[in-house]
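Fold and geometry: a report
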Amino acid sequence: DAGVTQSPTHLIKTRGQQVTLRCSPKSGHDTVSWYQQALGQGPQFIFQYYEEEERQRGNFPDRFSGHQFPNYSSELNVNALLLGDSALYLCASSLVVGEQYFGPGTRLTVT
Amino acid sequence: KQEVTQIPAALSVPEGENLVLNCSFTDSAIYNLQWFRQDPGKGLTSLLLIQSSQREQTSGRLNASLDKSSGRSTLYIAASQPGDSATYLCAVISSGGSNYKLTFGKGTLLTMNP
């Protein structure tokens with residue numbers, strides 16, 4: 001049984017560009033959450049998708065947007081990249097409000 | 001607003017010792033609490049999940065306790081091993097309203113000394 005997968009593993013972008021990160025949830029899970037983790041910090045909640053709708057959003061600007069597909073996979077899009085967007089982006093899947101399982105993350109570097 | 005604090009921020013101990021990592025949260029109205037392990041540059045591995053109605057959970061050498069009324073959780077690691085070196089994160093889901101997110105502490109960096 002495959003766990004949570006994320007792609008790509010690493011990404012380098014230039015300020016002002018746009019990026020799309022992808023996540024496939026653990027088999028049987030219907031809920032996907034995205035988190036941003038800066039170096040030395042705990043992960044910060046970006047948003048959560050359930051039934052293809054954004055169910056909850058953290059304190060992130062509108063430059064951060066997402067989508068969930070009918071197969072429960074999800075994308076995180078970030079527009080107009082800033083240097084401060086450099087971080088590890090983590091995807092987690094769960095059943096409704098159950099135990100959350102995390103993927104390996106995507107390391108985004110903005111230069 | 002829920003806040004999670006983990007003490008100590010870093011810990012260096014000899015192998016074989018029994019360890020205690022602490023986590024505190026400001027709002028006792030939680031749905032569950034989860035402990036994670038994170039290796040450098042990697043994702044999070046779930047170690048233990050404690051539902052709000054539970055007092056503790058055990059998995060192998062790990063035991064986590066939860067005291068909701070005092071807003072505290074403790075992760076106990078028995079007979080520590082070199083492979084236990086990692087950052088340990090505590091996170092809660094607050095109950096009430098339409099809240100489904102995990103709120104994390106900053107973690108405790110554990111380094112095992114040979």
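Structural data are supplied above this passage.
Everything in this summary refers to the structure shown in the same document. (Residues numbered from 1 in each chain as written. Chains lettered and ligands numbered in written order. Predicted model: local features only at pLDDT ≥ 70, side-chain atom pairs only at ≥ 80, totals over all residues. Heavy atoms only, no water.)

In total, this model carries eight aromatic pairs over all chains according to the counting rule given. Centre to centre, the rings of Tyr35(A) and Phe45(A) are 5.6 Å apart; their planes meet at 65°, and the pair counts as edge-to-face. In this pair, Tyr35(A) sits in strand S4 (residues 31-37) while Phe45(A) sits in strand S5 (residues 44-50), placing the two residues 10 residues apart along the sequence. A residue is classified by how much of its surface remains accessible, and Tyr35(A), at 0% relative accessible area, is buried. Ring plane angle 85° and centroid distance 5.2 Å describe the contact between Phe102(A) and Phe36(B), whose orientation is recorded as edge-to-face. Here Phe36(B) lies in strand S4 (residues 30-38) and Phe102(A) lies in strand S10 (residues 101-102), a pairing that spans two chains. Both residues of the pair, Phe102(A) and Phe36(B), belong to the buried class. When the ring centre of Tyr101(A) is taken as reference, the NZ or CZ atom of Lys26(A) above it lies at 5.2 Å. Lying across the ring of Tyr100(B), Arg55(A) places its NZ or CZ 3.7 Å from the centre. (Phe/Tyr/Trp six-rings, centres within 6.5 Å; stacked < 30°, edge-to-face > 60°. Helix = DSSP H or I, 4+ residues; strand = E, 2+ residues; numbered from the N terminus. Buried < 20%, exposed > 50% of the residue type's maximum accessible area, 1.4 Å probe, protein only. Lys NZ or Arg CZ within 6 Å of the ring centre and 35° of its normal.)

Attention now moves to the interface of chain A and chain B. In this complex, chain A contributes 19 residues to the contact, which on the side of chain B involves 21 residues. Roughly 1,700 Å² of surface becomes buried between chain A and chain B when both sides are summed, with 57% attributable to carbon and sulfur atoms. Linking chain A with chain B are zero salt bridges, by the criterion used here. Breaking the side of chain A that touches chain B down by element, the ones donating at least two residues are S4, S5, strand S6 (53-57) and strand S9 (87-94) of chain A. (Contact = heavy atoms within 4.5 Å. Buried area = accessible area lost by both parts, 1.4 Å probe. Salt bridge = Lys/Arg side-chain N within 4 Å of Asp/Glu carboxyl O.)

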